[in-house]
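Secondary and tertiary structure notes
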Amino acid sequence: MDAELDSIAEAELPVSFSFNGENRIVPVRLSHGLNVVTTEFEVENPRLWYPAGYGKQELYELRVAADGSAVTKRIALRDLKAVSEEDEYGRSLKIRVNGIDIFVKGANWIPLDSRPQTYTRDRYSKLLSAAVAANMNCLRVWGGGLYEFDDFYDLCDEKGLLIWQDCMFACSLYRTDEPFLDLISREIEYQVKRLRDHGSIALWCGDNECGDLVPRALADGDLNRVLWYDRFNQTVGKAVRKADPTRLFWPTSPCDGPDAPPGRNTASRGDMHNWSVWHGGKGFDAYYDLKPRFCSEFGFQSFPAQNTVDWFTEGKTRNVTSPVMEFHQRNPAGNSKIVEMFTRCFRFPETFEDFIYLSQVQQAIAIKIGVEYWRTLKPLCMGTIYWQLNDNWPVASWSSLDCFGNWKQLHYHAKRFFAPVIGTVIHRAEGVLELWVSSDVGETLTGILQLSAFTFSGAPAGKMEIPVEIGPYEAAEAERFPINRLVTSVEHEFLYLELELHGSQKQYSYRNETFLTEYKKCELAQAHISSEISGPENGVWQLRLATDHPAFYVFAEFQGIQAVFSDNSFTLLPGRPITLTFQVEGTPSRSDLKEKLIIRHLQSCYAD
């Protein structure tokens with residue numbers, strides 16, 4: 001255990017260390033400048049720290065004091081390595097904690113507000129708790145933002161959120177004169193030393209997409225820009241490694257590997273940013289064309305919560321192409337991309353509110369398809385970090401939480417597709433279905449996967465049951481079969497998957513729906529949903545929902561009242577009512593909630 005002491009003069013004094021109930025006094029002779037004092041503690045049967053979903057987040061208090069000054073930190077005992085190795089698929093990138101290769105599930109973090117003076121521990125905690133509630137175990141602190149305040153990293157330690165920490169450089173070619181490089185070195189030394197004792201930090205990354213400028217410079221024959229980037233990146237890497245030699249330095253993102261040339265974005269090597277769907281305009285099934293080792297950016301936009309839109313429009317503007325709505329869209333072609341994808345996938349929404357709702361359905365489906373498929377590729381793929389978790393102002397964006405912390409539909413879907421155990425139907429080959437199960441549980445699970453076909457009116461059309469046994473931390477194909485074995489008409493039927501698995505002490509349930517053609521081609525029944533609100537008990541309300549016909553992406557919200565539900569944006573089947581729990585901000589009465597309750601589903605949003 002090393003402690004750094006900065007002394008303004010030579011001196012002899014005792015340095016005290018307190019850790020795990022033990023104390024050490026180390027007499028030292030200090031010289032002027034930086035001094036390193038070392039001692040050791042032996043911990044028998046240490047309580048190890050694990051990422052969320054893999055174990056507990058045990059933390060030990062460490063206190064170091066000298067000459068009237070003291071520093072107290074909470075330390076995680078864990079064996080953490082970011083591993084990048086050549087293998088039969090290319091080059092891996094994975095995070096290994098206490099001998100377990102973690103399947104990384106998370107999102108990119110951007111500054112939570114454009115005004116850092118408004119940051120508070122409570123604001124951090126609300127968003128980070130929402131990430132853990134959605135079964136995330138990692139956040140990538142994006143290099144276009146800032147090094148966050150200590151509260152952020154303290155809370156990530158507490159909650160088990162691994163941190164991919166970019167250095168704060170993004171999407172630019174930086175100066176390489178000596179004064180600026182010296183400034184870079186000093187900033188990185190300060191920030192890395194400030195943060196390196198946090199157990200949640202998984203790796204340091206040199207920058208976000210700055211390396212992408214190198215291939216463009218080479219194509220233009222501009223060797224100077226290539227050399228500028230190399231000099232800049234070498235300076236960053238040297239400073240990081242000097243301040244923290246214990247962690248992997250990843251030169252840039254995306255990157256093929258620690259020693260690879262910059263500017264590569266190769267699926268089979270290192271990490272990749274996959275923007276073929278949003279920026280490239282490809283359909284959602286394009287995710288099936290890639291087998292990334294670690295996808296650290298991919299996303300699709302939607303509008304924020306209806307209450308947020310009502311707030312910044314003051315409830316007056318009811319048109320997506322109005323000046324105020326376009327002002328709150330900073331991607332130049334963003335609204336056009338959302339609408340264009342509507343025309344491919346869905347029937348057009350009827351009202352302004354339906355437009356907002358359907359944009360969130362579309363976003364959730366886009367990310368769900370990618371994540372579910374990539375989870376079936378373990379151990380080839382070992383990370384999915386979508387863009388992005390949060391917003392710093394009310395805006396149409398790629399986030400799953402809007403600027404006020406409202407859960408968009410994507411966040412509810414993330415809670416499901418990032419669950420410890422999932423089952424999914426992959427439809428990538430014409431006329432063929434694949435049933436997959438993916439587990440992040442450290443023991444063998446057994447049980448049944450039931451796949452049912454229903455008409456859109458709710459009549460049973462077919463069923464199959466498959467026994468499942470899946471090993472620790474595995475993904476496995478349960479069955480592959482032709483569509484016509486179970487489905488007669490893809491325009492009139494859908495599939496509903498029910499997975500029930502159990503281990504030695506715990507049971508795992510998962511539900512998933514599959515459409516087998518474009519949503520706009522499906523003849524959905526006009527479902528009528530009934531609702532009943534009860535409670536509260538200890539601040540928790542209940543909402544019971546039932547339907548007469550299948551209803552898809554059923555989404556409950558309250559006008560003017562922020563609420564977080566136990567589940568949302570799900571499939572509701574006739575004869576299978578669902579009771580949700582939810583909590584609200586403020587103290588509304590039951591009659592207030594009943595009056596303000598709005599329930600939407602896919603068919604209800606379509607124009608006649």
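Before any of the text, the structure's been laid out above.
So, on to the packing of aromatic side chains. Going through the model one piece at a time under the given rule, you end up with 47 aromatic pairs. Residues Tyr287 and Phe298 carry aromatic rings whose centres are separated by 6.1 Å and whose planes lie at 75° to one another, so their mutual orientation is edge-to-face. Residue Tyr287 is found in the loop between β17 (272-273) and β18 (295-297), and its partner Phe298 is found in the loop between β18 and α6 (306-313); the two are separated by eleven residues along the sequence. Judged by relative accessible area, which is 0%, Tyr287 ranks as buried. Taking 4.9 Å as the distance between ring centres and 50° as the angle between the ring planes, the aromatic pair formed by Trp407 and Tyr412 counts as tilted. Owing to a relative accessible area of 9%, Trp407 belongs among the buried residues under this scheme. In this structure an aromatic cluster arises from ring pairing among Phe303, Phe342, Phe346, Phe348, Phe355, Phe454, Phe456, Phe494, Phe515, Tyr519, Phe552 and Tyr553. We note Arg24 situated over the ring of Phe41; from NZ or CZ to the ring centre the distance is 4.6 Å. Taking the ring centre of Phe327 as reference, the NZ or CZ of Arg330 above it sits at 4.8 Å.

Attention now goes to helix α1 (residues 121-133). Across its 13 residues, α1 extends 18 Å between first and last C-alpha, which sits within 8% of the 18 Å expected from 1.5 Å per residue. Looking at α1, one finds that the buried residues are Tyr124, Leu127, Leu128, Ala130 and Ala131. Buried positions in α1, seen along its axis, are confined to an arc of 150° and lie on one side of it. Buried residues along α1 sit in contact with β12 (104-109), β13 (138-141), α2 (150-159) and α10 (409-417).

Another point: the layout of surface pockets. Its volume calculated, the largest pocket comes out at about 1,400 Å³. Along the walls of the largest pocket sit 43 residues, with Asp2, Ala3, Glu4, Arg196 and Asp197 positioned nearest its centre. Counting residues per element, the ones that place at least two in the lining of the largest pocket are β1 (2-7), β2 (11-19), β4 (33-38), β5 (60-66), β6 (69-75) and α3 (178-195). Class assignment for the residues of the lining of the largest pocket results in 25 nonpolar, six polar and twelve charged. Size it by volume and the second largest pocket reaches roughly 880 Å³. Lining the second largest pocket we find 33 residues, and of these Asp285, Ile369, His427, Phe515 and Thr517 sit closest to its centre. Of all elements in the fold, only α8 (334-345), α9 (352-375), β20 (421-429) and β26 (507-514) reach the threshold of two or more residues within the lining of the second largest pocket.

Quick notes on the rules
In this convention, every chain numbers its residues from 1, walking through the sequence in written order. Local features are withheld for residues below a pLDDT of 70 in this predicted model, meaning they are given only at 70 or higher, and side-chain atom pairs are given and counted only at 80 or more; totals for whole chains, interfaces and linings count all residues. As a rule here, side-chain values cover all heavy atoms of the structure and leave hydrogens and water aside. Any two of the Phe, Tyr and Trp rings considered here, Trp counted by its six-membered ring, make a pair once their centres fall within 6.5 Å; the pair's planes then place it as stacked at under 30 degrees, edge-to-face at over 60, or tilted in between. Each helix corresponds to a stretch of at least 4 residues labelled H or I by DSSP, and each strand to a stretch of at least 2 residues labelled E; elements are numbered beginning at the N terminus. Only protein chains enter the calculation, and the probe is 1.4 Å; a residue is then buried if its accessible area is under 20% of its type maximum, exposed if over 50%, and partly exposed in between. Charge-over-ring placement is defined geometrically: NZ (Lys) or CZ (Arg) within 6 Å of the ring centre, and within 35 degrees of the ring normal. Here the expected span of a helix is defined as 1.5 Å times the quantity of residues minus one. For this quantity, the arc is that covered by the directions from the helix axis to the C-beta atoms. A contact between two residues is defined here by any heavy atoms of the two lying within 4.5 Å. Computed over the protein atoms alone on a 1 Å grid, cavities are sets of points where a 1.4 Å probe fits but cannot get out and pockets are open sets with protein on both sides within 12 Å along at least five of seven lines; a residue lines them when it has an atom within 4 Å of a point. Grid points are joined across faces, edges and corners, and a volume is the space filled by probe spheres set on the points. In this classification, Asp, Glu, Lys and Arg are treated as charged, Ala, Val, Leu, Ile, Met, Phe, Trp, Tyr, Cys and Pro as nonpolar, and every other residue, Gly included, as polar.

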